[in-house]
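Single-letter residue listing:
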Amino acid sequence: ENPRNPVVSPDGQEVAFVAGQGVISDLYVAGLTGGAPRRLTTNPGGTAGPQWSPDGTRIAFESSRAGSSDLWIVPATGGAAQPLTTHDARDVNPVWSPDGTTLAFLSNRSDDRSEVWVVAAAGGQTRRLTTQGASQPRWSPNGEDVVFQASAGADAQMQVWRIPATGGTAELLTDGGYTAQADY
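The shown structure was predicted, so the numbers you read here are calculated from the model rather than taken from an experiment.

Enquirer: Give me the lowdown on the packing of aromatic side chains, citing residues and values where you can.
Expert: All told, the structure shown has two aromatic pairs when counted by the stated rule. Taken together, a centroid distance of 5.6 Å and an interplanar angle of 10° make the contact between Phe17 and Tyr28 stacked. Pair noted here: Phe17 is in strand E2 (residues 14-21) and Tyr28 is in strand E3 (residues 24-31), with a separation of eleven residues, a long-range link. Note on accessibility: Phe17 and Tyr28 belong to one class, buried. Ring geometry for Phe148 against Trp161: centres 6.4 Å apart, planes inclined by 10°, an arrangement best described as stacked. Residue Phe148 is located in strand E14 (residues 145-152), and its partner Trp161 is located in strand E15 (residues 157-164); the two are separated by 13 residues in the primary sequence. Here Phe148 matches Trp161 in class, with each residue buried.

Enquirer: Before we move on, could you go through the environment of Ser140 and cite the residues and values that matter?
Expert: If you trace the backbone, Ser140 turns up in the loop between strand E13 (135-139) and E14. Separated by 26 residues in sequence, Ser140 and Thr166 place their C-alpha atoms 13 Å apart.

Enquirer: So what's going on with the pattern of salt bridges? Which residues, and what values?
Expert: Under the criterion given, the structure shown has seven salt bridges. In this structure, Arg38 engages Glu14 in a salt bridge whose closest nitrogen and oxygen atoms are separated by 2.9 Å. Of this pair, Arg38 sits in strand E4 (residues 38-39) while Glu14 sits in strand E2, placing them 24 residues apart in sequence. For Asp145, the salt bridge is made with Arg162, and the minimal N-O distance between the two is 2.6 Å. Of this pair, Asp145 sits in strand E14 while Arg162 sits in strand E15; the two residues are 17 residues apart in sequence, bridging distant segments of the chain. Residue class for Arg162 comes out partly exposed when judged on its relative accessible area of 22%. If you follow the salt bridges from partner to partner, you end up with Arg113, Glu115 and Arg128 in one network.

Conventions we followed
- Residues numbered from 1 in each chain as written.
- Predicted model: local features only at pLDDT ≥ 70, side-chain atom pairs only at ≥ 80, totals over all residues.
- Heavy atoms only, no water.
- Phe/Tyr/Trp six-rings, centres within 6.5 Å; stacked < 30°, edge-to-face > 60°.
- Helix = DSSP H or I, 4+ residues; strand = E, 2+ residues; numbered from the N terminus.
- Buried < 20%, exposed > 50% of the residue type's maximum accessible area, 1.4 Å probe, protein only.
- Salt bridge = Lys/Arg side-chain N within 4 Å of Asp/Glu carboxyl O.

Below you can see the structure in the form of structure tokens.
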């Protein structure tokens, strides 16, 4: 079934992963000590990018089950998956805030380029954080900022930026002739 995208739970007891054939795939959870995997989704489309909530009770993932790539959340013990985003754009790469209340993600819903957006884990309105094109969003440990990478300068090299999670002006954190990767 081509298992991929493994992510270990915060307590270190389980691993979430995606498995399937071609464009049809589902989300599974298996114990790290063995046993049969539990299938969490039955999806008519693709599934990718599983991410455990900080408390380990939920898993966010991206799925094309409704036609376009949107973000979904499913209880880690099983149950109905709930959509977080429903937009014609491509919403991908969910990243939980440290307190588990918000997810940052990438979307091409404006200007047809990837930007960092945020949405409450309970659902609701999305909010755009970046405006210069972005990838690799990561939360600061205190949840006050999101770092990301975006090209900058005359040579358009990737650099690391920081923006307040509440919005505002992005601040360039690196400025050099090297390949930058944003990660906390």
